[in-house]
Amino acid sequence: MQTVATASRADQTRALSLSTIAFTACFAVWTIFSIIGVAIKAELGLNDTQFGLLVATPILTGSITRLFLGVWTEKYGGRLVFSSQMILTALATWALTLADSYIMYLVAALGIGLAGGSFIIGVAYVSRWYDAGHQGTALGIFGAGNVGAAVTKFVAPFVMVAYGWHGVAYVWAAGLAIIGVLFFLLAKDDPELVERRKTGAKAPSLAQQFAPLKNLQVWRFSLYYFFVFGAFVALALWMPHYLIDVYGIDVRFAGMAAASFSLSASLFRAYGGVLSDKFGARKVMYWTFGFSLLFLFMLSYPPTDYVIRGKDGAIAFSTEMGLWPFIATLFGLGFFMSLGKAAVFKHIPVYYPNHVGAVGGLVGMIGGLGGFVLPIGFGALLDLTGIYTSCFALLFALVAIALTWMHLSVRAMERAAHGEVLDQLPQLPEMQDVHHPERTAMPRVLEDWRPEDAQFWDEKGRAVARRNLWISIPALLLAFSVWMVWSVVVARLPAIGFDFTPGQLFWLAALPGLSGATLRIFYSFMVPIFGGRLWTTLSTASLLLPAMGIGYAVQNPETPYLIFLVLALLCGFGGGNFASSMANIGYFFPKAEKGNALALNAGLGNLGVSVMQFLVPIVITAGVFGALGGQPVTMSDGGQLWMQNAGFVWVPFIVAATVAAWLGMNDIADARASFADQAVIFSRKQNWLMCVLYTGTFGSFIGYSAGFPLLTRLAFPDVNALNYVFLGPLVGALSRAGTGWISDKFGGGRVTFWTFALMIVATFGVITFLGLGSFIGFFACFMALFFLTGVGNASTFQMIPVIMSREVPRLMPHLGVEERKRQIAMESGAIVAFTSAIAAYGAFFIPKAYGTSIAMTGSAVGALWAFLIFYVICVVITWAVYTRPGGLLHDIEHGRAPQGAAAQPAQ
């Protein structure tokens, strides 16, 4: 048997050498835009923000893929994953030469970004060949492959001068492909993979690999890596451009000067591993942050002229850092960043030996995202302030935050310890509660959760459940706000100088619905896998991407349409949150209170659409963020709009909701279920029928919310639609939150039937008044539609647990009482989430149907007739399957079921 203990020194050296060479080549390709990007910038005439986006795009792909590549390496082995990743990246690099527009360059750059995922593959692969006492040094040597950035800066400028930037792409692609093939032929499978194949053991599940990500300490180290690695990548990309503009040197000298930074920030990483093994990672991190603060302060101080009033008159002098002092200071900064990179990754294989891929993947992903976000921030700050050194000021603030957080965490642990206990702390005291490698401690997990136990519920359960509910509601409200904010932004884009056709505008209005609905399918199954607390935190934080992206994109009328398409898709993050939020809250409450809790969570969460449509028209008319928010756009009528506030206004609330979710919510241990367990709902006929009915209610609500502003503006151009459109989502959200009792009293099936019947009448009214040109009649009928969708949203969700409490005993009679209860709860939660995912496609199809109908007939009436026919189908399904005599719900809702059977489902 091959193990780490018995693996030969030759095998260890082979694995480390091949991995380091491969990582060096990948890193050289990953940073290729730092050199050829200068030529592309001049060729396309890009501004600083566009240039920052171009050079940062590969970093985005490389960062995000790290999480998945690390997991796949744990499962399939580094030899296969590493070689495949290199060959695919080589193909993408070659394809870059075929691009003929800025958009195509961005697309190709996404493929090149795969090169950045190589780091976590190597970490997971190399760490399996070495014991804990030598992993720091081995990973430090491997991490020195960052020197690939210096290789690009030293060599690429000369290749580019001789053969053009296309020549650089060809050479780099060919070299990486050759190394990928050689790695597959020469490398060996790691000892653990060999042992697993020999014994036939299964690879760890996703849930097992991702379990440690619940620990706050892991995320804190991700912040550290965001600076030591993310800022290194960002500066490696930004420095040639900075040096050329600030010091007026040519591209070859700039490349060599920037390479000195990349060299120091790479080669000394091996030394950082040795220091971490000898003195401890914590001390090395203090050195890193302390000296980085000093160097960044020096670098961030802009050239300044001073005039002092002296006794003999004015004394004038100036301060400015020359080129060679700048290069020397940058070299010193790179040295300490290289030590910090090794120190951060020192602890992962020690504290998480069974989760190196997942934990290292997350830390590497967050760090890599720094390489994506920071160059964009550099460009935006330069455009906003006009000060070149603003990029270093941003990094100074980042290091100050990281150092403060680290020191406070360490001091808190030291204060909690005393005497001999203080001497027994691990090298990273903030990791004390996860010091046992074989045991992962889960914070804020409810191991004992019995909501159906009346005594437990009264003494403990109700307070915990309500706390989670009232944290979930504002998070979901913000999710809906961001999801639907595009509907208002799109309506005002022409007024601020964007020359998009009506078809393009309807596509922008529809895409958040498409992506949100698709994400809901995946989000439906995330809570049982990851836990509600972690997933709510992550999904809420993800809203920052579209919110901030919108704020920056709308400020420049030259922003490409592709960028708006991407932002529209990112707004779908908000739509996906509903599925996981509803599934999570459902686990906390007993059946007697589940309906009301879900109605409050969904209804008040839906209120975010109305809040957004009311708030955004107000904040875009004032510079509420001052200079930080950017300049207004002057319209043709002389008025001014701060359209960026439509995105920026949500940022502080999203941050607060994210913190509240992490600090205040809980996970429930019994709510664990794999995707395979939940996948049983796909074989349930009732799941698909409820998807149809919920699409008729919620799909209509969210689709009308997305399309109502633009439809009203086009149909009644003389009416200021933005003053009224928020009322529709408001009515729909409040009716959902306030009419759940109707379904409890009369039965969800009967309420659903009559809701669809009345929706048919209301839709016919909209068609009629649209033809007559009556805004009042049109608006009144739409308000009725919104009200009815809210009633139907509550009634269809009330039907699901009732239906499954009848179906599960029939389909699975072998289950015991407790097993049956868990199965009903699990299937009901999964169906609630999945139906919400399918129904959310209404946010895409309804606005798109409007646009198609207008393009084909010149009016939206054709789309409205299609909606009316769909409601007729829903009425027929509801009656035929559920409410007719002999239907699934008829006896229960008419009080003729046996007492026990009726009481349980009706909850």
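Residues numbered from 1 in each chain as written. Predicted model: local features only at pLDDT ≥ 70, side-chain atom pairs only at ≥ 80, totals over all residues. Heavy atoms only, no water.

Engineer: Lay out the overall build of the chain with the relevant residues and their values.
Structural biologist: Broken down by element type, the chain carries 40 helices and 6 strands. Long-range contacts, defined as pairs at least 24 residues apart, comprise 83% of the intrachain contacts of the chain with a sequence gap of at least 6. On the chain, roughly 34,300 Å² of surface is accessible, and the fraction owed to carbon and sulfur atoms is 68%. (Helix = DSSP H or I, 4+ residues; strand = E, 2+ residues; numbered from the N terminus. Contact = heavy atoms within 4.5 Å. Areas by Shrake-Rupley, 256 points an atom, 1.4 Å probe, with all protein chains shown as cover.)

Engineer: Please give an account of the side chain of Thr658 that cites residues and values.
Structural biologist: Tracing the sequence through the fold places Thr658 in helix α29 (residues 651-664). You can call Thr658 buried: its relative accessible area is 14%. Among the polar contacts listed, one links the side chain of Thr658 to the backbone oxygen of Ile654, at a separation of 2.8 Å. (Buried < 20%, exposed > 50% of the residue type's maximum accessible area, 1.4 Å probe, protein only. Polar contact = N/O pair within 3.5 Å; in protein donor to acceptor, adjacent residues only side chain to side chain.)

Engineer: How would you explain helix α2 (residues 33-44) if you had to name every residue and give the values?
Structural biologist: In a regular helix each residue adds 1.5 Å, so 12 residues correspond to 16 Å; α2 covers only 14 Å between its end C-alpha atoms and thus falls short of that length. Along α2, the positions that sit buried rather than exposed are Phe33, Ser34, Ile35, Ile36, Gly37 and Ile40. Among the residues trailing α2, Gly45 stands out with phi positive, at a value near 65 degrees. (Expected span 1.5 Å × (residues − 1).)

Engineer: Hey, could you go over the packing of aromatic side chains for me, with residue numbers and the actual values?
Structural biologist: To describe a pair of aromatic rings, you give the distance between the ring centres and the angle between the ring planes. Going through the model one piece at a time under the given rule, you end up with 38 aromatic pairs. Look at Trp30 and Phe229: their rings are 5.9 Å apart centre to centre, the planes differ by 15 degrees, and that puts the pair in the stacked class. One end of the pair, Trp30, is in helix α1 (residues 9-30); the other, Phe229, is in helix α11 (residues 216-247), with 199 residues separating them in the sequence. Owing to a relative accessible area of 0%, Trp30 belongs among the buried residues under this scheme. (Phe/Tyr/Trp six-rings, centres within 6.5 Å; stacked < 30°, edge-to-face > 60°.)

Engineer: Go over the nonpolar core with me, naming the residues and quoting the values.
Structural biologist: Among the nonpolar cores identified, the biggest contains 249 residues, and Phe33, Phe227, Phe392, Trp486, Leu493, Phe782 and Tyr850 are the most heavily contacted of them. Tallying contributions element by element places α11 first for this core, with 19 residues. Each residue touching Phe33, except ones within four places of it in the same chain, is listed here: Val38, Ile40, Leu54, Val55, Pro58, Leu96, Ala109 and Ile112. (Core = buried A, V, L, I, M, F, W, Y, C linked by side-chain atoms within 4.5 Å.)

Engineer: Can you tell me about the pattern of salt bridges, naming the residues and giving the values?
Structural biologist: Counted by the stated rule, this structure contains 3 salt bridges. For Lys188, the salt bridge identified is with Asp11, shortest N-O distance 3.0 Å. Taken as a pair, Lys188 in the loop between α8 (148-186) and α9 (191-199) and Asp11 in helix α1 lie far apart in primary sequence, 177 residues in all. Linking Arg462 and Asp458 is a salt bridge whose minimum nitrogen-to-oxygen distance equals 3.0 Å. Note that Arg462 and Asp458 are positioned in helix α20 (residues 454-492) at a spacing of 4 residues, about one turn of the helix. Owing to a relative accessible area of 23%, Arg462 belongs among the partly exposed residues under this scheme. A relative accessible area of 52% means that Asp458 is categorised as exposed. (Salt bridge = Lys/Arg side-chain N within 4 Å of Asp/Glu carboxyl O.)

Engineer: So what about the packing of α2 against helix α5 (residues 102-112)? Which residues, and what values?
Structural biologist: Across the interface, α2 lies against α5 with an axial gap of 12 Å and an inter-helix angle of 170 degrees. Taken together, the axes of α2 and α5 are roughly antiparallel relative to one another. On α5, the residues that touch Phe33, Ile40, Glu43 and Leu44 of α2 are Tyr102, Tyr105, Ala109 and Ile112. Of the residues belonging to the contact of α2 with α5, the class tally is 7 nonpolar, no polar and 1 charged. (Axes fitted to C-alpha atoms, helices over the stretch in contact; angles between N-to-C directions. Parallel < 35°, antiparallel > 145°, perpendicular 65-115°, else oblique. Nonpolar A, V, L, I, M, F, W, Y, C, P; charged D, E, K, R; others polar.)

Engineer: Just give me the short version of the environment of Gly70, but keep the residues and values in it.
Structural biologist: Here Gly70 shows up in helix α3 (residues 48-76). Judged by its relative accessible area of 0%, Gly70 falls in the buried class.

Engineer: Talk me through the environment of Val246; I want residue IDs and the actual numbers.
Structural biologist: Residue placement: Val246 occurs in helix α11. Taking relative accessible area as the criterion, Val246 reaches 31% and is therefore assigned partly exposed. Taking the C-alpha atoms as reference, Val246 lies 9.2 Å from Leu323; in sequence the two are 77 residues apart.

Engineer: Pulling in residues and values, what's your account of the packing of helix α23 (residues 532-541) against α29?
Structural biologist: The interhelical angle for the contact between α23 and α29, taken along N-to-C directions, is 170 degrees, at an axis separation of 8 Å. The orientation of α23 relative to α29 falls into the category roughly antiparallel. Across the interface between the two elements, Arg533, Leu534, Thr536, Thr537, Thr540 and Ala541 from α23 touch Ile654, Ala657, Thr658, Ala661 and Trp662 from α29. Along the lines of polarity and charge, the residues of the contact of α23 with α29 split into 6 nonpolar, 4 polar and 1 charged.

Engineer: Any details on the confidence of the model for the chain? Residues and values, ideally.
Structural biologist: Averaged over all residues, the pLDDT of the chain is 77; the fraction at 70 or higher stands at 82%. Long-range and interchain partners of residues 1-5, a stretch whose pLDDT sits below 50, account for 15 contacts in this model, where long-range means more than four residues apart. In the model, residues 896-907 has pLDDT below 50 throughout and makes 17 contacts with residues more than four positions away in sequence or in other chains. (pLDDT = per-residue confidence, 0-100.)

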